[in-house]
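So you can see what is in the structure, the chains are spelled out below.
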Amino acid sequence: MRGQTCEDRDRRKRSGGRAAAAALCLAAALAGISGCGGQENAAGQGNAAGQGNAAGQENGSGQESALGTGSRGTGDTQSVVVVMGPTSEPEAGFDPAYGWGAGEHVHEPLIQSTLTVTTEDLEIAYDLATAMEVSEDGMTWTVDIRDDVRFTDGEPLTAEDVAFTYNTLRDTSSVNDFTMLREAVAVDGDTVEFRMNRPYSIWPYTMAVVGIVPEHAYGPDYGQNPIGSGRYMLKQWDKGQQVILEANPDYYGEEPKMKQVTVLFMEEDAAFAAVMAGQADVAYTAAVYSDQTVDGYELLAFETVDNRGFNLPAIPAGTADESGVPLGNDFTSDVNVRRAINIGIDREEMIENVLYGYGTPAYSVCSKMPWYSEASQVEYDPKEAGRLLDEAGWTVGADGFRQKDGVRAGFTLMYSAGDSVRQALSEDTANQLGELGIDVTVEGVGWDVAYDRAQSTPMMWGWGAHTPMEFYNIYHTAPGGEYARYSPYRSETADAYMDAALESTDLEESYELWKKAQWDGETGVTQDGDIPWIWLVNIDHLYWSRTGLEIAEQKLHPHGHGWSIVNNVDQWSWEK
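Residues numbered from 1 in each chain as written. Predicted model: local features only at pLDDT ≥ 70, side-chain atom pairs only at ≥ 80, totals over all residues. Heavy atoms only, no water.

Looking at an unreviewed UniProt entry, one finds the protein chain named ABC transporter substrate-binding protein and attributed to Candidatus Lachnoclostridium stercoripullorum. Annotation of the protein chain in UniProt includes, under Sequence similarities (unreviewed entry), the sentence "Belongs to the bacterial solute-binding protein 5 family." (UniProt positions renumbered as here; feature names shortened; annotations may be inferred.)

Here is the structure:
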């Protein structure tokens, strides 16, 4: 989807004054204007290491940074400058084994080619692959690949490279689970077989995010100096500052319209300042800036499956796992409590007040996906929520909070410290549940303790990916464990549906099994079932875009406000 401008949205206005003032100050620094206290900052002055900055001075490598006036400002109609957050920079470089194009923030790897791709409707299409089939038992995938593809060093890409890539990721990947793969074997120069340890019907989605690397040129420093066969080549990487990609002149597909893509890594305030100073063509932004107007730019909003929601431990307290981590929560273990919470939250109010109107309601981690079950959707019904709590024995006391057997209804809701959106969502949740008589205390925590504490204390999470495995990883009993991985819950029925979905030899048919795992008419993880997670919103991804830049139709963005925007940057163009 092209995205919606801010004028397209009927939303509540907010001033965003302090953030805007800080950004304006930073914009002045970027533009070389004195004032704002006269302090040096990383975006406008030299840094402590004596290197140049990202505003057009030379950097530490002696190469000039691209951030000056933006591509359009120089009259260049074949390049674009895009600003992403600092966490979008790949720490381990551009190596698929360590997260490039894979893992939590799934995107197309650009530098490397993939066997398949996902379409705008999140169906499977071919890239390197020309055909594929799966055996009747689901244990062997046979994929034919193109014979006209070369790496950027001139060497041909063959089935041996494909097999090498997958076997390497199976053995070394730090971000993806490849335990389902026994081995990849090159049957001949353009045919590869994937021999599985267990059936895995959604293998085509894995193939869509695994970039193929050259066996002859792969080593420890590959991530710093990647060789691929994709639409772009890595021209320059100034760590902590920018990445410059250059169109691959020998690309086998349609020639990229954008010949150069510069990606700058900046914090939110600096990103907005770069826009204010006209030094970026596209820049990610937060909803707090959505009331601003910038001459020469429009604000675009792209729909996502970037989900926010919280777990509700579904078993009583009193037990621990094998590592001694406490499990369960006496209040949230009551299914009527969980059902009351799910329908007692006004998601539209939350979108309006926390996301400034930029988001959509979420009722499942797989909202909008082909495998999403409509049975997940609920209506806001505080009256029925109150009735469910009454039925569960939680009655309103003199202080306005519910009690049962002398215990006050409530829990602590954790969020990752430093994440202002999750904090605001948590506080809004606490306010809304307070109106139902549930006492919720919010607490910012670090990820070093969050995973363990979430086994007994609800946590505000962020999820969302273009694969049913997101649903599996959240709800399925962990291998060798007693409960699901992120929150204590177990359903043998849901597990059976998910296992059957993975064992299916027909991808389309497997979607129906994923839906039944959500709700089969009698049981599941939806409102009428066990409801062990509460899903709140899908957050729109917001970008400032320079007037005249045509950003191609976007797929639903997954979790992570970063590289997904440039999945199809080769198709972008400037108005003439």
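Draft legend 1. View of the overall build of the protein chain. Secondary structure assignment for the protein chain yields 13 helices and 27 strands. In the protein chain, of all internal contacts separated by at least 6 residues, the share reaching a separation of at least 24 is 68%. Entry remark: accessible area of the protein chain is about 23,200 Å², with carbon and sulfur atoms responsible for 44%. (Helix = DSSP H or I, 4+ residues; strand = E, 2+ residues; numbered from the N terminus. Contact = heavy atoms within 4.5 Å. Areas by Shrake-Rupley, 256 points an atom, 1.4 Å probe, with all protein chains shown as cover.)

Draft legend 2. Just the sheet that holds strand S18 (residues 395-396), in detail. Strand order in the open sheet made by the three strands is S18-S19-S20, with antiparallel pairing throughout. The strands lining the two open edges of the sheet, one partner per strand, are S18 and strand S20 (407-408). Pairing between S18 and strand S19 (residues 402-404): two bridges, direction antiparallel. Each residue of the ladder has a partner; that of Thr 395, found in S19, is Gln 403. (Pairing = 2+ DSSP bridges.)

Draft legend 3. Fine view of the pattern of salt bridges. Per the stated rule, a full pass over the model turns up 22 salt bridges. With its nearest N and O atoms 2.8 Å apart, the salt bridge here joins Arg 387 to Glu 384. With a gap of three residues between them, Arg 387 and Glu 384 both fall in helix H8 (residues 382-391), about one helical turn apart. On the basis of relative accessible area, Arg 387 is assigned to the partly exposed category, the value being 40%. Taken together, the shared-partner salt bridges in this structure form one network comprising Glu 108, Arg 231, Lys 555 and Asp 570. (Salt bridge = Lys/Arg side-chain N within 4 Å of Asp/Glu carboxyl O. Buried < 20%, exposed > 50% of the residue type's maximum accessible area, 1.4 Å probe, protein only.)

Draft legend 4. Main features of the pairing of strand S7 (residues 181-188). The pairing of S7 with strand S8 (residues 191-196) spans six bridges and is antiparallel. Residue pairing for S8: Val 185 is matched across the bridge by Glu 193. In textbook terms, the turn of a hairpin is the stretch between consecutive antiparallel strands, and for S7 and S8 this stretch comprises two residues.

Draft legend 5. Highlighting the packing of aromatic side chains. Tallying each qualifying case throughout the model produces 33 aromatic pairs. Plain terms: the ring middles of Trp 461 and Tyr 486 are 5.6 Å apart, the flat faces sit at 65° to each other, and that makes the pair edge-to-face. Separated by 25 residues along the polypeptide, Trp 461 in strand S23 (residues 460-463) and Tyr 486 in the loop between helix H11 (469-475) and helix H12 (492-503) bring together distant segments of the chain. Classification of Trp 461 by relative accessible area gives buried; the value is 3%. Here the aromatic residues Trp 447, Tyr 451, Trp 461, Trp 463, Tyr 486, Trp 533 and Trp 535 are joined through ring pairs into a cluster of three or more. Above the ring of Trp 237, the side-chain terminus of Lys 239 is found at 4.9 Å from the ring centroid. (Phe/Tyr/Trp six-rings, centres within 6.5 Å; stacked < 30°, edge-to-face > 60°. Lys NZ or Arg CZ within 6 Å of the ring centre and 35° of its normal.)

Draft legend 6. Spatial organisation of the packing of helix H6 (residues 335-343) against H8. Packing of H6 against H8 leaves a shortest axis separation of 8 Å and a crossing angle of 165°. With respect to their mutual orientation, H6 and H8 come out roughly antiparallel. Read as a crossing pair, H6 and H8 show a hand that is left-handed. Facing H6, whose interface residues are Asn 336, Val 337, Arg 339, Ala 340 and Ile 343, H8 presents Pro 382, Glu 384, Ala 385, Leu 388, Leu 389 and Glu 391. (Axes fitted to C-alpha atoms, helices over the stretch in contact; angles between N-to-C directions. Parallel < 35°, antiparallel > 145°, perpendicular 65-115°, else oblique. Left-handed = near helix turned anticlockwise from the far one by under 90°.)

Draft legend 7. Spatial organisation of the sheet that holds S23. With antiparallel pairing, four strands are arranged side by side in an open sheet as S17-S24-S14-S23. Only two strands of the sheet have a single neighbouring strand rather than two, namely strand S17 (359-361) and S23. Across this sheet, the average inter-strand angle for adjacent strands is 30°, counted without regard to direction. Of the strand pairs in this sheet, strand S14 (residues 307-311) and strand S24 (residues 533-539) are connected by five bridges, and their pairing is antiparallel. Its bridge partner being in S24, Arg 308 is matched across the sheet by Val 537.

Draft legend 8. Representation of the nonpolar core within the structure. Ranked by size, the top nonpolar core spans 65 residues in total, and within it Tyr 166, Phe 194 and Trp 203 carry the most contacts. Setting aside its immediate chain neighbours within four residues, Phe 194 contacts Leu 115, Met 139, Thr 140, Trp 141, Val 143, Val 162, Tyr 166, Leu 181, Glu 183, Ala 184, Trp 203 and Met 207. Formed by 53 residues, the second largest nonpolar core is a distinct cluster that contains Met 258, Met 266, Ile 565 and Trp 572. (Core = buried A, V, L, I, M, F, W, Y, C linked by side-chain atoms within 4.5 Å.)

Draft legend 9. Fine view of helix H7 (residues 347-354). Every buried residue of H7 is listed here: Arg 347, Met 350, Ile 351 and Val 354. Buried positions in H7, seen along its axis, are confined to an arc of 100° and lie on one side of it. Residues of H7 that are buried sit in contact with H6, S17, helix H9 (420-435) and S24. The backbone nitrogen of Glu 348 lies 3.2 Å from a side-chain oxygen of the residue at the head of H7, namely Asp 346. Of the residues trailing H7, Tyr 356 is marked for its positive phi of about 60°. (Arc of directions from axis to C-beta. Polar contact = N/O pair within 3.5 Å; in protein donor to acceptor, adjacent residues only side chain to side chain.)

Draft legend 10. Region of the structure containing the layout of surface pockets. Of the pockets and cavities examined, the second largest pocket occupies roughly 560 Å³. Lining of the second largest pocket is provided by 32 residues; of these, Glu 108, Val 117, Arg 231, Asn 567 and Gln 571 occupy positions nearest its centre. Of all elements in the fold, only strand S3 (116-118) and strand S4 (124-126) reach the threshold of two or more residues within the lining of the second largest pocket. Within the lining of the second largest pocket, the residues separate by chemical class into 10 nonpolar, 14 polar and eight charged. (1 Å grid on protein atoms, 1.4 Å probe; cavity = no way out; pocket = protein on both sides within 12 Å on 5 of 7 lines; lining within 4 Å. Points joined across faces, edges and corners; volume = space filled by probe spheres on them. Nonpolar A, V, L, I, M, F, W, Y, C, P; charged D, E, K, R; others polar.)

Draft legend 11. Quick look at the pairing of strand S12 (residues 282-285). Side chains Val 282 and Tyr 284 project from S12 onto one buried face, and the interleaved Ala 283 and Thr 285 project onto a second face that is buried too. As paired strands, strand S2 (residues 79-84) and S12 are joined by two bridges and run parallel to one another. In the sheet register, Val 82 faces S12, and the bridge partner there is Val 282. Relative to strand S25 (residues 541-546), S12 runs antiparallel, the two sharing four bridges. From the neighbouring strand, Tyr 284 faces S25, where its bridge partner is Tyr 543.

Draft legend 12. Seen up close, empty space enclosed by the protein. Counting across every chain of the model gives two cavities of 30 Å³ or more. For the largest cavity, the full set of lining residues is Asn 342, Tyr 363, Ser 364, Ser 376, Phe 471, Tyr 475, Gln 518, Val 525, Thr 526, Gln 527, Ile 531 and Trp 535. Each residue belonging to the lining of the largest cavity can be placed in one class, and the counts come to six nonpolar, six polar and no charged. Roughly 40 Å³ of internal volume is contained in the second largest cavity. Forming the boundary of the second largest cavity are Tyr 472, Asn 473, His 476, Thr 477, Ala 478, Pro 479 and Arg 485. For the lining of the second largest cavity, the per-class residue count stands at three nonpolar, three polar and one charged.

Draft legend 13. How the structure looks around the environment of Glu 268. Inspection of the secondary structure puts Glu 268 in helix H5 (residues 268-276). Separated by 182 residues in the primary sequence, Glu 268 and Pro 86 have C-alpha atoms spaced 9.2 Å apart. Setting aside chain neighbours within four positions, we find Glu 268 in contact with Tyr 284, Ala 286 and Tyr 289.

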